[in-house]
Amino acid sequence: GGGAVGEIYVVPNVESYLVFGIGPRLSFDDSYRRFLEQLSAHLQLARTRVDESQRRTVVELERRNLLEQAPVATALLSGPDHIFELANPAYRQMVSKADLVGKRYLEAFPEVAGSPFAEIISRVYRTGEPFSTNELHVRLDRGSGPEDAYFMFNLEPIRNQAGAVHAMMVVAVDITSQVVARRSLEKAQVEREGLLREIEAASRAKDEFLAMLGHELRNPLSPIVTALRLMRLKSGGVETREQEIMERQVQHLVRLVDDLLDVAKIARGQIELRRELVDVADIVSKAVEMASDLLERRHHRLIVKCERGRFLCDADAIRLAQVVANLLTNAAKYTDPHGHIRVDVSRAGNKEDEIAIAVSDDGIGISGEMLPRVFNLFEQADRSSDRAQGGLGIGLALVKSLVALHGGSVSVQSKGSGEGSVFTVNLPAALATTVAAPDGRKEGAPQASRARRILVVDDNVDAAEVLKESLELVGHDVVMAIDPVAALELAAGFLPEIAVLDIGLPVIDGYELAIRLRALPGCEGCQMIALTGYGQDHDRQRSRQAGFERHLVKPVDLDRLIALVEDQPPRT
């Protein structure tokens, strides 16, 4: 405790002692003691305040040193005018300004005056609420005039001891290059999506055009094919050389139209396979028959190696024959006259569950440049005029698509010009060991066992006339009309047993005409046969729903039509 020691009085303190000399002329009483204690307290308070100020100075210096050395752009703004007290090197480099300390913010950056950013700074100082954003847009002058800049930005208020905001700390990261790159990427993505939409629209338009083109080509083809068949019937099956040429070329055109329609169907996903257990030997035989005309005209030697009954697969026989026929036709086109073509059927890689159909030739071969594109739609190799056999460049694309629908694959090998080519189709093998024998009926001249009353309606006059004449030639009683109104008037007096109706009629289509015909007195039991350029499954379903017993696709097979007429039961 405190007390007098000679002429010294010691006042204790928390951290130290204060020592006072006692005056000899003044007695050391309680009043004296209280005075020294009060003086000691005041001195201690002053010392505490000095120590606190020193500590704050040290902290401030440490903070400034830390901010100066910070790897991100940092600045301190003080007062309502937002004067720069500190701007570290990263900040000065970011804004391309060397002398900032002591300047007001808007003095250093006059280009941001009146912008949302200037308002943000004032709001943070005024309200004390911090501000943070991952992407702040500022028009900033870095020495070459205002330009768009983007920052990750944090603005933190700094308060004094009284709790009032007296300064702000700014932390910013320049992300301009990232934002520009991102926006360029977004723009490119938008453009890409737009291009994709245009490509898809163009692809749909192409598919629709191909489908419509095939339909429109079938309309004129139908009377031509029927007329040629009628000429053959009139001549007792004897054809002139000119008729043979016409029929051969028309059949070639029919195949091209069919290929066009098949491409359109595949593109739309509308091809449906009618699978059954088939012998590949029968498929190859049918394909050879389909390609025989071109093979014979170019005098090629064809060798077929396929054991009947050994190679079975679950497939659409018509489509698979189309695949092999296209490969044979392709080989014939690109092989000089008197060339050699082979068809070899075997187990793919000696695997029991896979069948390989290889079509090889000793023709012009395929260049290395063309080889990767050979199955692309509308792709054709260059060829000289003597090899110009026509075609649209869709045969091999169709082969690839049809094989894929069967769960198989197709490949090509060629060593180059003059070395020939080998196309190989690999298909899953069927597990069954037996298959139904093919229909062995031969084509013969159609004969009517009983005359029937038949109404033919088609707005194509040529098609209607040749169809009428053909049916009359085999003994039927036929009337024709080229518009639905005339057809209804004829039917009211003629009372047809069978009506062959074109679907695409003007004013009243074939579906509506069929309904109106059956509503006529005496025509309730009239048998309806649809005749149209559309042959997809939904077209056939619609014709069945409209009451048609049969659905024929143009160009009509006259023999099949006559056979269908024969199959119609007589009306009671």
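For the structure, check the block above.
Let me sum up the structure you'll find in this document. (Residues numbered from 1 in each chain as written. Predicted model: local features only at pLDDT ≥ 70, side-chain atom pairs only at ≥ 80, totals over all residues. Heavy atoms only, no water.)

On to the pattern of salt bridges, then. Across all of its chains, the model carries 17 salt bridges by this definition. R310 is the partner of E307 in a salt bridge, and the nearest nitrogen-oxygen pair spans 3.4 Å. Take E307: its relative accessible area is 48%, and that puts it in the partly exposed class. Looking at R310, the relative accessible area reads 40%, which means it is partly exposed. With its nearest N and O atoms 2.6 Å apart, the salt bridge here joins K468 to E472. Taken together, the positions of K468 and E472, both in helix α10 (residues 461–473) and four residues apart, correspond to about one turn of that helix. Members of the salt-bridge network, linked through shared partners, are E135, R182, R183 and E186. (Salt bridge = Lys/Arg side-chain N within 4 Å of Asp/Glu carboxyl O. Buried < 20%, exposed > 50% of the residue type's maximum accessible area, 1.4 Å probe, protein only. Helix = DSSP H or I, 4+ residues; strand = E, 2+ residues; numbered from the N terminus.)

A packed helix pair is summarised by two numbers, namely the angle formed by the two axes and the spacing between the axes. Their axes nearest at 10 Å, the elements helix α11 (residues 484–494) and helix α12 (residues 510–519) cross at an angle of 20°. It follows from the interaxial angle that α11 and α12 lie roughly parallel. Pair α11 / α12 crosses with right-handed handedness. Residues P484, A487, L488 and A491 of α11 touch α12, and the partners they reach there are L513, R516 and L517. Split by residue class, the contact of α11 with α12 holds six nonpolar, no polar and one charged. (Axes fitted to C-alpha atoms, helices over the stretch in contact; angles between N-to-C directions. Parallel < 35°, antiparallel > 145°, perpendicular 65-115°, else oblique. Left-handed = near helix turned anticlockwise from the far one by under 90°. Contact = heavy atoms within 4.5 Å. Nonpolar A, V, L, I, M, F, W, Y, C, P; charged D, E, K, R; others polar.)

On strand β14 (residues 409–413), burial follows the alternation: V410 and V412 on one face are buried, whereas S409, S411 and Q413 on the facing-out side are not. The pairing of β14 with strand β15 (residues 421–428) spans five bridges and is classified as antiparallel. Residue pairing in the sheet places S411 in a bridge with T424 of β15. (Pairing = 2+ DSSP bridges.)

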